[in-house]
Amino acid sequence: MNRDTGKYNEEQEINESVKRYEDMLRIGAKRYFDVIQIEQIAERFIEEGKVYPALQAVEMGMEQHPSSIDLKVRLVNILFNLGEIPQALNMANELIKIERTNPELYLIKGSSHLLLGNKKEATKAFEKAIKYTIEEKDEIFFNIGYSYQQNSAFNEAIKYFEQAAQANPKNEAALYELAYCYEKTEQNEACYYYYNKYIDLDTFSDAAWFNMGIVLTKLQRFEESVNAYEYALVINEDFANAWYNLGHSHMLTREYQKAIDSFNKFLEYEPKNDDVFCLIGDSYLRLNQKTTASDYFEKAVALNELNDRAWFGLALLKQINKQYYDALNFYKKAIKIDDINGECWFMMAKIATKLDYYTDAIEAYEKACQLEPDFSAYWLSYAQYLSKKGMLIKAIDVLKNGQQYHTDYDLFDYRITAYALESNNETLAKEHFKLAISKDSDNIIYLLKTYPEAENIEWINIKNNNLN
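Cut-offs used in this document
Residues numbered from 1 in each chain as written. Predicted model: local features only at pLDDT ≥ 70, side-chain atom pairs only at ≥ 80, totals over all residues. Heavy atoms only, no water. Helix = DSSP H or I, 4+ residues; strand = E, 2+ residues; numbered from the N terminus. Rg over C-alpha atoms; globule rule 2.2 N^0.38 Å. Buried < 20%, exposed > 50% of the residue type's maximum accessible area, 1.4 Å probe, protein only. Contact = heavy atoms within 4.5 Å. Areas by Shrake-Rupley, 256 points an atom, 1.4 Å probe, with all protein chains shown as cover. Lys, Arg positive; Asp, Glu negative; His and termini not counted. Charge placed at Lys NZ, Arg CZ, Asp CG, Glu CD. Phe/Tyr/Trp six-rings, centres within 6.5 Å; stacked < 30°, edge-to-face > 60°. Lys NZ or Arg CZ within 6 Å of the ring centre and 35° of its normal. Axes fitted to C-alpha atoms, helices over the stretch in contact; angles between N-to-C directions. Parallel < 35°, antiparallel > 145°, perpendicular 65-115°, else oblique. Left-handed = near helix turned anticlockwise from the far one by under 90°. Nonpolar A, V, L, I, M, F, W, Y, C, P; charged D, E, K, R; others polar. Salt bridge = Lys/Arg side-chain N within 4 Å of Asp/Glu carboxyl O. Patch = residues over 30% accessible without salt bridge, like charges linked within 9 Å, V, L, I, M, F, W, Y side chains within 5 Å. Expected span 1.5 Å × (residues − 1). Arc of directions from axis to C-beta. Polar contact = N/O pair within 3.5 Å; in protein donor to acceptor, adjacent residues only side chain to side chain.

**Section: the overall build of the protein chain**
Across its full length, the protein chain holds 26 helices and zero strands. Here the C-alpha radius of gyration of the protein chain, 33 Å, is well above what a compact globule of 468 residues would show, namely 23 Å. The principal-axis extents of the C-alpha atoms in the protein chain amount to approximately 105 × 50 × 40 Å. By residue count, 46% of the 468 residues in the protein chain fall in the buried class. Partitioning the intrachain contacts of the protein chain with sequence separation of at least 6 by distance along the chain shows that 47% fall at a separation of at least 24. Entry remark: accessible area of the protein chain is about 25200 Å², with carbon and sulfur atoms responsible for 46%. Side chains of the protein chain give 52 positive and 73 negative charges; the mean places of these two sets differ by 3 Å.

As structure tokens, this is what we get:
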């Protein structure tokens, strides 16, 4: 008898045992099952996610075989999986007095202590589990790693998953979970390495190719991420999230028509996803097909009036068409839904500036700079607006506040120099001009564009960029 035949026969036996057990429950009769049959029935139920029926089967088996250690160990496992941690731990400790070298009991003990926050006790139990495991060491390492992973202790999990992979380089589960843990700890190169190792063993895993695509996107290898998602879809054409992510990657590679095609495929699975309508609208906007873009943003709003991204898209289109009143109204709708979007506040500030709505402009600039201070354009645009309003001192204060986040950016110092000169503060102008040229003397043109008269000031030497 070959191995495949043996597996088939074993599967047939399990199916027959499960059927006989279910028939027994249905007619309310009592039938005898040996220990192995009970274990097989329980295992089948657990595989199907039927934990309580598994518990019921084991309890019946223990009535028939009250001295069976194997069934008691199985019961402890089920109690642990049901979240009955103290009870499972107590039973494991009692059984260890009888079975002192049973690694499965130490594994349950360690996992229970881990869930209860007793890390030292967990480590001791896991060490004994490893000690008493003679064969298939990779499995015990894997199970310990999985316990740590379930407790979000990803670095500890990595240590054990790596030992599992070393013990058995073909342990696919260990490689997969290693990649996952490295992804959770943002170690993307290592994550990429282990997904590759996994795919070498299971080339037709759509999930692995999909996850590979995510990692490649994080590594900013966008064209490769496209390939990964396409592999996932060759394996499983109905992988909706792969179509969605493929669309994103196409956008990142500026293949906007391909992005639209991918998002439309996703809509076949989720036809009422307003966020995807926005992404299609964004793509059409980048293709300069403004009317079609507007249609998709309007579809998104029709599905969900609280989609701030859709209102933002419509506002942007109105702004492009110089319909500033409508644009301002739509930006306000977007902000009412999401008032912590710095970009939206900034765009509203630009529109308020166009309409000469001073109060709205000041509020929007303040919010944009507060919410996203790392965007230098917000500070510079705000200061420029103030300078045009003749508020040079306030413009300088805005730039000085911005310099807390942009200490090495010479443009801030050149602008302060310009505004200081314009407000006749020569001391401040000299101070910041010196700072500016020390950071990048080649960018002195920034000063001249803002304040052309600087070229005629005696202490500014344009040729060698030094103070006289």
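**Concerning the packing of aromatic side chains**
Describing an aromatic ring pair means giving the distance of the ring centres and the angle of the ring planes. Overall, the coordinates contain 33 aromatic pairs when judged by the stated rule. Between Phe-346 and Tyr-365, the aromatic rings sit 6.2 Å apart at their centres with planes inclined by 65°, giving edge-to-face as the arrangement. Here Phe-346 is found in helix H20 (residues 342-354), whereas its partner Tyr-365 is found in helix H21 (residues 358-371), with 19 residues between them in sequence. The exposure class assigned to Phe-346 is buried, which follows from its relative accessible area of 11%. You can call Tyr-365 buried: its relative accessible area is 2%. One aromatic cluster is present, built from ring pairs that chain together Phe-346, Tyr-358, Tyr-365, Phe-375, Tyr-378, Tyr-382 and Tyr-385. Sitting over the ring of Phe-33, Arg-20 keeps its end group 4.2 Å from the ring centre.

**Re the packing of helix H9 (residues 154-167) against helix H10 (residues 172-184)**
With their axes 9 Å apart at the nearest point, H9 and H10 run at an angle of 155° to one another. In terms of orientation, H9 lies roughly antiparallel with respect to H10. The interaxial crossing formed by H9 with H10 has left-handed handedness. Two secondary-structure elements touch here, H9 through Phe-154, Ala-157, Ile-158, Phe-161, Glu-162, Ala-164 and Ala-165 and H10 through Ala-174, Leu-175, Glu-177, Leu-178, Tyr-180, Cys-181, Tyr-182 and Lys-184. For the contact of H9 with H10, the per-class residue count stands at 12 nonpolar, no polar and three charged.

**Considering the pattern of salt bridges**
This model, assessed by the stated rule, comprises 18 salt bridges. Notably, a salt bridge pairs Glu-48 with Lys-50, separated by 3.2 Å at the nearest N-O pair. A relative accessible area of 43% means that Glu-48 is categorised as partly exposed. The partly exposed category is assigned to Lys-50, whose relative accessible area is 35%. Among the salt bridges present, the one from Glu-366 reaches Lys-394, with a minimum N-O distance of 3.9 Å. Remark: Lys-394 occurs in helix H23 (residues 392-402) and Glu-366 occurs in helix H21; sequence separation between them is 28 residues. By relative accessible area, Glu-366 is classed as partly exposed at 36%.

**A look at a nonpolar patch on the surface**
A surface patch of nonpolar side chains, about 350 Å² in accessible area, is lined by Phe-204, Val-234 and Ile-235. If you trace the backbone, Val-234 turns up in helix H13 (residues 222-235).

**Considerations on the packing of H10 against helix H11 (residues 188-201)**
Put simply, H10 and H11 touch, their axes get as near as 8 Å, and they point 160° apart. Of the possible angle classes, the one that applies to H10 and H11 is roughly antiparallel. Crossing handedness for the pair H10 and H11: left-handed. Across the interface between the two elements, Glu-172, Leu-175, Tyr-176, Leu-178, Ala-179, Tyr-180, Tyr-182 and Glu-183 of H10 pack against Ala-190, Cys-191, Tyr-194, Tyr-195, Lys-197, Tyr-198 and Leu-201 of H11. Of the residues belonging to the contact of H10 with H11, the class tally is 12 nonpolar, no polar and three charged.

**Points about helix H17 (residues 290-303)**
Compared with the 20 Å implied by 1.5 Å per residue over 14 residues, the 20 Å span of H17 between its first and last C-alpha is a close match. Taken as a whole, H17 has its buried residues at Ala-293, Ser-294, Tyr-296, Phe-297, Ala-300 and Val-301. Projected down its long axis, H17 carries its buried residues within an arc of 165°, all on one side. With respect to the buried face of H17, the exposed residues turned more than 90 degrees away are Thr-291 and Ala-302. Considering only its buried residues, H17 is in contact with helix H15 (256-267), helix H16 (274-286) and helix H18 (308-320).

**Side note on the side chain of Thr-417**
Summarising the element assignment, Thr-417 is placed in helix H24 (residues 410-422). A relative accessible area of 0% places Thr-417 in the buried class. Within the structure, Thr-417 has its side chain in polar contact with the backbone nitrogen of Phe-433 (distance 3.0 Å). If we ignore the near neighbours within four places in the chain, the residues touching Thr-417 are Ala-429, His-432, Phe-433 and Leu-447.

**A few points about the environment of Asn-424**
With respect to the secondary-structure elements, Asn-424 resides in the loop between H24 and helix H25 (426-440). On the basis of relative accessibility, which here comes to 72%, the residue Asn-424 falls in the exposed class. For the pair Asn-424 and Trp-459, spaced 35 residues apart in the sequence, the C-alpha separation amounts to 14 Å.

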